[in-house]
Structures are given as structure tokens and as C-alpha cells.
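The residues making up each chain are set out below.
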Amino acid sequence: MRPEIAALMKQFYDDLDNHESVKTDRPSISGVDSDVYFLNHNEMETAVADGSSKRNEFEAKYAVALAEYLVKQGYQTTQITILVMYLGQRQLIAKMAKPKRNLHGVRIMVSLVFSKIDLNELLFR
């Protein structure tokens, strides 16, 4: 996980301990202007019919497209993780990514599961 992401995650998890690799410098991500950025939009999320989770189709499409772009920049799919806050969003992104062969190997994880795993690149919803 990049140090910039770890710093953001500490706002959500007070007891988060960083792996040694988080404390080291990493090269900038190829093909983008910033290693961390936020997307501002007006697309509303919807509730998942069979539970209390949420999803946002616009954000899911964006995350899948960004993952495809990073693969085109030379990243291996095993270097890319899409991190989401809701199980419903994870399921939607997985459904959108499944038919795309160039994305097989990209991890799509809910943030609570992710907190103990070290990864190279991260897409955060």
C-alpha cells in the first residue's frame, strides 16, 4: 500500500499498524498525474435490493476503466487492487470486470478485509 493511502486509512481505522513497506518511498504511478486523487461527481449511489449495502454504477464503470488503463500502462493485474467501502459495490465491479480478460487477476476488496494486505497499486472508491 502506498504511504499516501495508508495515511488516509488511518482516518477510518485508529488502530491500523503499517507494514514496513508502507514506510518506504515508492515510484510514482505511470500514466497518471498524481499517485492519489479524488473523483468528484453527482451520480447517486443506490441500495442493493437484497441487503443494506450500496453501489454506484458510475463509480464502478470508472474503476474498471481505470484498471484497464493501468494494465495498458504496463502494470500486471496482480499489482492492481480496487478497494471499496461496500460489499454491493464490490459485487458490481466484479460483475463488470469478469468478462474483461485483461482484468483477470485484479483484486476487488472491501476495505475491512483489505487492512492487513500489502499491495503495490490501489484504486479506492
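Let me begin by describing the structure that accompanies this report. (Residues numbered from 1 in each chain as written. Predicted model: local features only at pLDDT ≥ 70, side-chain atom pairs only at ≥ 80, totals over all residues. Heavy atoms only, no water.)

1. What about the overall build of the protein chain?
The helix and strand tally for the protein chain stands at four helices and five strands. Mapped in sequence order, the helices and strands of the protein chain form the string α-β-β-α-β-α-β-α-β. Within the protein chain, counting contacts between residues at least 6 apart in sequence, those at least 24 apart form 69% of the total. Here the protein chain has roughly 8,000 Å² of accessible surface; of this, 51% comes from carbon and sulfur atoms. (Helix = DSSP H or I, 4+ residues; strand = E, 2+ residues; numbered from the N terminus. Contact = heavy atoms within 4.5 Å. Areas by Shrake-Rupley, 256 points an atom, 1.4 Å probe, with all protein chains shown as cover.)

2. Quick word on the pairing of strand β3 (residues 80-84)
Here β3 lies mainly inside the structure; five of its five residues are buried. Of the pairings in the sheet, the one linking β3 to strand β4 (residues 107-110) comprises four bridges and is parallel in character. Its bridge partner being in β4, V84 is matched across the sheet by V110. Traced from β3 through helix α3 (residues 87-97) to β4, the parallel crossover comes out right-handed. (Buried < 20%, exposed > 50% of the residue type's maximum accessible area, 1.4 Å probe, protein only. Pairing = 2+ DSSP bridges. Right-handed = clockwise from strand over helix to strand, strands pointing away.)

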